[in-house]
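Geometric and topological summary
These are the residues of each chain, in order.
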Amino acid sequence: MIYADGAGAVVIQATHDDSGIKSHLSASHTLNEKNYLYFGKSYNTEDFSDTKFIKTTGRQIYEFALTNVPQAMKKCLDDSGYKINQLSKLIIHKANEKMDEEIVKRFYKLYDTPVPKDIMPMIISKLGNSSVTTIPTLLTMILNNELPQHNIKENDIVLFASVGAGMNININALVYKF
């Protein structure tokens, strides 16, 4: 699946303890990236209709993500005051398994640190590309013990990150202490 439908939300509240959002970063890239997603004719040479289909410049989106998302994740983590070895989980938008794995490798390379085993849960083979919906979905699955090899407990530090190609390219990152 590539544009699987999905919706999700996470409700947060103010607390009097040390848990919660420690840092966040949001960025929109809308100049050079504005045409990465567009409508175009079918690739079917026998289709002569005027129907338009969603098209992407996949390689450009992929390269954008590999270049910019690890940097955004690093800035967000650095701004939080936590160190790379304090991260318990990375919960990343599941768009493409190869891309997500490369983003994580590049992120850890920025700290000259090997990628820890099981740092990033992967569910794209089960749920497909459900866009940034995979973030609240994956968090819920972990908290409900639906992924036995992954858990989040009190005081864990989790870095959430997403990249979207919608009408423009958006990057979001958030460090949260449970």
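Preceding this section is the structure that the text describes.
These remarks concern the structure in this document.

Here is what the cut-offs are and how they apply
- Residues numbered from 1 in each chain as written.
- Predicted model: local features only at pLDDT ≥ 70, side-chain atom pairs only at ≥ 80, totals over all residues.
- Heavy atoms only, no water.
- Helix = DSSP H or I, 4+ residues; strand = E, 2+ residues; numbered from the N terminus.
- Rg over C-alpha atoms; globule rule 2.2 N^0.38 Å.
- Buried < 20%, exposed > 50% of the residue type's maximum accessible area, 1.4 Å probe, protein only.
- Contact = heavy atoms within 4.5 Å.
- Areas by Shrake-Rupley, 256 points an atom, 1.4 Å probe, with all protein chains shown as cover.
- Lys, Arg positive; Asp, Glu negative; His and termini not counted.
- Charge placed at Lys NZ, Arg CZ, Asp CG, Glu CD.
- Phe/Tyr/Trp six-rings, centres within 6.5 Å; stacked < 30°, edge-to-face > 60°.
- Lys NZ or Arg CZ within 6 Å of the ring centre and 35° of its normal.
- Polar contact = N/O pair within 3.5 Å; in protein donor to acceptor, adjacent residues only side chain to side chain.

What follows covers the overall build of the protein. Helices and strands together make up the secondary structure of the protein, namely 4 helices and 6 strands. N-terminal to C-terminal, the α/β element order of the protein is β-β-β-α-β-α-α-α-β-β. Its C-alpha atoms give the protein a radius of gyration of 18 Å, near enough to 16 Å, the size a compact globule of 178 residues would have. Viewed in the frame of its principal axes, the protein has a C-alpha envelope of about 60 × 30 × 30 Å. Looking at the protein residue by residue over its 178 residues, the buried ones come to 40%. Pairs at least 24 residues apart make up 65% of the contacts formed inside the protein by residues separated by at least 6 positions. Carbon and sulfur atoms make up 52% of the accessible area of the protein, which totals about 10,600 Å². Charged side chains of the protein number 19 positive and 19 negative; the gap between the two group centres comes to 4 Å.

Next up on the list: the packing of aromatic side chains. Inspection of the entire model under this criterion finds 3 aromatic pairs. Between F107 and Y108, the aromatic rings sit 5.3 Å apart at their centres with planes inclined by 80 degrees, giving edge-to-face as the arrangement. Of the two residues examined, F107 and Y108, each falls in the buried class. Measuring from ring centre to ring centre gives 4.8 Å for Y176 and F178, while their planes differ by 65 degrees; the resulting arrangement is edge-to-face. Taken together, the ring pairs in this structure connect F107, Y108 and Y111 into an aromatic cluster. Between the NZ or CZ atom of K55 and the centre of the ring of Y43, over which it lies, the distance is 3.1 Å.

Next up on the list: the side chain of H150. For H150, the position within the fold is in the loop between helix 4 (134-143) and strand 5 (157-164). Judged by relative accessible area, H150 falls into the buried class, the value being 4%. Looking at H150, its side chain comes within polar contact range of the main-chain oxygen of D118, at 3.4 Å. Leaving out residues up to four positions away in the same chain, H150 has contacts with K89, D118, M120, P121 and I142.

This part covers unusual backbone geometry. Even without being glycine, D112 reaches a positive phi, approximately 50 degrees. Mapped onto the elements, D112 comes out in the loop between helix 2 (97-109) and helix 3 (124-127). Given the relative accessible area of 74%, D112 is considered exposed. Even without being a glycine, N155 presents a positive backbone phi close to 75 degrees. If you trace the backbone, N155 turns up in the loop between helix 4 and strand 5. Taking relative accessible area as the criterion, N155 reaches 46% and is therefore assigned partly exposed.

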